[in-house]
Amino acid sequence: MANVTDLQTKYSKLAQEYSKLRAQNQVLKKGVVDEQANSVSLKEQLKQRDQSLRKQEQEMDSLSFRNQQLAKRVELLQEELTTREAKGKKGKSKGDSPSQHGLQTQSVFDEDLQKKIVENERLHIQFYEADEQHRRQEAELSTRLQELEKDSDQHQAVVEGLTTKYMENIERLQSDKARLEVKAQTLEREAKECRMRTEECQQQLRRCQSELNKQVKQSSSVIQEKVPFNDTKFSDYNSLNVPPHNRRHQLKSRDVAGQALSFIQDLVAALLNFHSYTEQRVHIYPLDSSIEPISPLNQKFSQYLHENAAYVRPLEDSFLQLHQSITEDTVTVLETVVKLKTFADNFSSYTHFLQKILPYQLKSLEEESAATLSTAALTAKNQELQSDMKRITSVFDKLKNYINLLALPSVQQDAMPQSSTSAVFTQLAACLHSLHDAIKEMSKHYNQKAGLEQELPTITQKLCTTSECLLGSLGSLTSSTGKIATFFSNNLDFFTSSGYSPRTSTQALNPLQAESMLANKKKAAAYIQAIKKPRPQTVAYKEALTNRRVLTSSTESREGLTQQVMQSQEKIARLEQEKEHWLLEAQLGKVRLEKENQRIADLEVQLAAALGGSPNSLTAAASTLAQSHEEAEMEQKASGKEATLCTSLVGMLCTTSTVEQAGDEESREQLIKTHYMVRVGELTTQLQISDSKAVHFHSECRALAKRLTIAEKSRETLSEEVKVANQNITRLQDELTTTKRSYEDQLSMMSDHLCSMNETLSKQREEIDTLKLGSKGNAKKNKGR
């Protein structure tokens, strides 16, 4: 489902980007169309300019022709003038009146001619300037037209690239959409199936709940109506008076104890810091122990403060043991929580410690007030701190009393009724709030005192840092006491409520009832587990009796058979020992037989040699044979009487003094040597095999170590590659954002450029219209002239 949601979010993001890019594409298309229309209009304007230029050239030709005509006319007039002047010289005598009239007409013609010449020059100059301006404008417009065509081509290429890219994105998104639709359909099917299953399960659950409720009602009615089990003699042992095990109460107790443990740990840390920084301040102010010795009172006070951990640490340890003793399988009430007594004892010892150091604290503050540089404001703050310390010590004493009262039922039964227990809890909550208020007041007064001390001229940096640390410890102490007070007030209903109470009495739960409750819980759990297991089939009573007789007889026969097996195993071991002994005797007998056979063969050879010789030799051989038989008989007779003890490298051997003594000893020693050599050979082979296995295992371990190092290196390289890939992804995302911004900026620039071009074109049109009007006016004037 998470993958489907991620794909849907990606698809929505891509759709948004596509809509944005589509809108930008439409803007670009509009800009390109406008540019094309402008280029067409500019071409038409260029054609019109060409036509007007041609008209102006024709007009210029006509003007030049008119100018030539006028020049010819001027020449003719000059010739007429010269002729008339000549005639005038001839006819001077006739009279002066016609000559004066001719002079007047000549002056008029000269003025008119001069005006025409000046006007002709001015018109030439204007025409030349208009022509040059027209050419410049035409060149500028042509260059701008080329630039605009290039820009339009570039924008057209960009638009085409974007359209192809967007079409690819559209196709990919469409494929993703189809795939997501398929996944959504499959998920909808699975959801429908899950709904059907949940409905079926809910129906089954309802049926089971209804059946269980019916069974509970039936069993409760049966228990209430038909199980009257009331022990009238010993009411404590009455099973109906034992309350049921409350698992929710145990879980809540465990949770509350865990929260209280965290708050106690914070309180212990704050108290340790407060006492440690107070000890540092005693060594620094009013006298610095590194420069001069402090007073004996402050020395004793610092010694006591140095022992604070021995009184503060047991609070955390004892409460941790209390938290560990509260489990789901226990009964948590004041009568069964034995570890609360150790916590109460440790809290009492800490309260005695505070009472022991209280007079030293007061005397130390009096010494600070009696210092030479102490002011009246500091003295007043010290007095306020003395009252605060007295108040805190008294509040701790009250807390000690209330905690001892709560720990009393675990030591002494029926020590406190339920109503007084709730009253003790409410008073304890109020006392915790008063402790928080007292520590808060002391922190405020100490903060004011530290501000006044910083104004003193002889204040040192060490004292400033110690005061800041002490203020920090007081702040943490204030926050921890406030948390404990609010926590206790919020859970006051739970503390005052009775999680376990017997059915037929209003008394508190005693440890004997708790033990019986846990036993009943174990029995119930065992019974439920036994119910869950498949039950065997029932057997008839007679068949059960016969089976019992068979079982007892079989057990008796089994015991007899086990004894017989043990005896037979002992006999087998003894026979194995005898077998080994007789095998050795047989080997020795074989050796003796071989020696006897060899000796008989030697005797036969000697006998044959003797038979082949003289009768004296026969008698000598017979006598030697008789002597050998006598010696053998004598040795056999003496073999049971004399015995010698022989030792060798192999061991010690007891032998008889016979003729074959040396041979027997050597053969036996040789056999033992061969046996031990064979054994040594077997052990060496086993040692070699074990060495080879060890070498093999060592090589395998080295190979595994190498593989491990290679895997670690590959993991590092892969992690670096992943980092590089993430960096590339971020870089590409940044580039994408920059390109988007650049395209948006380009679009805005293009729109601004198009606006400016439209303005310039409108200005040029106005200038062309003015020039046309001016040229038409000049042409009309020329025609009029």
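Please read these numbers as outputs of a predicted model, since none were measured by experiment.

### What to know about the overall build of the protein
Item 1. Looking only at helices and strands, the protein features 14 helices and 2 strands.
Item 2. For the protein, with 785 residues in total, the buried portion stands at 24%.
Item 3. Contacts in the protein between residues at least 24 apart in sequence constitute 81% of all its contacts with a sequence separation of at least 6.
Item 4. Here the protein has roughly 54900 Å² of accessible surface; of this, 56% comes from carbon and sulfur atoms.

### A closer look at the pattern of salt bridges
Item 1. Taken as a whole and judged by the stated rule, the model has 14 salt bridges.
Item 2. Between Glu441 and Lys444 there is a salt bridge, and its shortest N-O distance comes to 3.6 Å. Of the two residues, Glu441 and Lys444 are both situated in helix H8 (residues 418-454); the distance of 3 residues between them amounts to about one turn of the helix.
Item 3. The residue Arg715 makes a salt bridge to Glu712 at a minimum N-O spacing of 2.8 Å. One end of the pair is Arg715 and the other is Glu712, both in helix H14 (residues 661-784) and 3 residues apart, which spans about a single turn.
Item 4. You can call Glu712 partly exposed: its relative accessible area is 33%.
Item 5. Look at the salt bridges and you will find they share partners, linking Asp131, Glu132 and Arg135 into a network.

### Here's the deal with the packing of helix H6 (residues 339-369) against helix H7 (residues 376-407)
Item 1. The N-to-C vectors of H6 and H7 enclose an angle of 165°; their axes lie 9 Å apart at closest approach. One finds that H6 runs roughly antiparallel with respect to H7. At the point where H6 passes H7, the crossing takes the left-handed sense.
Item 2. Looking at side-chain class alone, the contact of H6 with H7 contains 16 nonpolar, 11 polar and 6 charged residues.

### Examining the packing of aromatic side chains
Aromatic rings in a pair are described by how distant their centres are and how their planes are angled relative to each other.
Item 1. Enumeration over the complete set of coordinates arrives at 12 aromatic pairs.
Item 2. Pairing Tyr350 with Phe396 gives two aromatic rings, centres 5.7 Å apart and planes at 75°, and the pair type is edge-to-face. Placement of Tyr350 in helix H6 and of Phe396 in helix H7 is noted, with a sequence separation of 46 residues between them. The pair Tyr350 / Phe396 is uniform in exposure class, with both members buried.
Item 3. Linked through ring pairs, Tyr311, Phe319, Phe343, Phe347, Tyr350, Phe353 and Phe396 together constitute an aromatic cluster.
Item 4. Positioned above the aromatic ring of Tyr304, the side-chain terminus of Lys356 is 4.7 Å from the ring centre.

### A look at the packing of helix H3 (residues 247-284) against helix H4 (residues 296-306)
Item 1. Closest axis-to-axis distance for the H3/H4 pair is 9 Å, and the angle between their directions is 160°. By the criterion of interaxial angle, the relationship of H3 to H4 is roughly antiparallel. Crossing geometry of H3 relative to H4 is assigned as left-handed. Residues His275, Thr278, Glu279, Val282 and His283 of H3 touch H4, and the partners they reach there are Asn298, Phe301, Ser302, Leu305 and His306.
Item 2. Considered class by class, the residues forming the contact of H3 with H4 number 3 nonpolar, 6 polar and 1 charged.

### Digging into H6
Item 1. With 31 residues, H6 should reach 45 Å at 1.5 Å per residue; the first-to-last C-alpha distance of 45 Å fits that figure.
Item 2. Of all bends in H6, the biggest is about 35°, found at Ile357, and the proline Pro359 comes one to four residues later.

### Examining the confidence of the model for the protein
Item 1. Mean pLDDT over the protein stands at 76; residues scoring 70 or higher make up 78%.
Item 2. The model gives residues 614-622 a pLDDT under 50, and that stretch makes 4 contacts with residues more than four places away or in other chains.

### As for the nonpolar core
In a soluble, globular protein the nonpolar side chains are often hidden away together inside.
Item 1. Counting 65 residues, the largest nonpolar core has Leu340, Tyr350 and Phe488 as its most contacted members.
Item 2. Counting only elements with at least two residues in this core, the list comes to H3, H4, helix H5 (309-325), H6, H7, H8, helix H9 (461-490) and helix H10 (492-496).
Item 3. Excluding its chain neighbours within four sequence positions, the residues that come into contact with Phe488 are Phe425, Leu428, Ala429, Leu432 and Phe495.

### Observations regarding the side chain of Thr478
Item 1. Here Thr478 is to be found in helix H9.
Item 2. Ignoring any residue separated from it by four or fewer positions in sequence, one finds Thr478 in contact with His436, Ile439, Lys440 and Ser443.

### Overview of the environment of Glu57
Item 1. Residue placement: Glu57 occurs in helix H1 (residues 2-90).
Item 2. Residue classification places Glu57 among the partly exposed residues on the basis of a relative accessible area of 43%.
Item 3. Along the sequence, Glu57 and Asp131 sit 74 residues apart, while their C-alpha atoms lie 9.4 Å from each other.

Rules used throughout
- Residues numbered from 1 in each chain as written.
- Predicted model: local features only at pLDDT ≥ 70, side-chain atom pairs only at ≥ 80, totals over all residues.
- Heavy atoms only, no water.
- Helix = DSSP H or I, 4+ residues; strand = E, 2+ residues; numbered from the N terminus.
- Buried < 20%, exposed > 50% of the residue type's maximum accessible area, 1.4 Å probe, protein only.
- Contact = heavy atoms within 4.5 Å.
- Areas by Shrake-Rupley, 256 points an atom, 1.4 Å probe, with all protein chains shown as cover.
- Salt bridge = Lys/Arg side-chain N within 4 Å of Asp/Glu carboxyl O.
- Axes fitted to C-alpha atoms, helices over the stretch in contact; angles between N-to-C directions.
- Parallel < 35°, antiparallel > 145°, perpendicular 65-115°, else oblique.
- Left-handed = near helix turned anticlockwise from the far one by under 90°.
- Nonpolar A, V, L, I, M, F, W, Y, C, P; charged D, E, K, R; others polar.
- Phe/Tyr/Trp six-rings, centres within 6.5 Å; stacked < 30°, edge-to-face > 60°.
- Lys NZ or Arg CZ within 6 Å of the ring centre and 35° of its normal.
- Expected span 1.5 Å × (residues − 1).
- Bend = angle between axes of the 7 residues up to and from the residue.
- pLDDT = per-residue confidence, 0-100.
- Core = buried A, V, L, I, M, F, W, Y, C linked by side-chain atoms within 4.5 Å.

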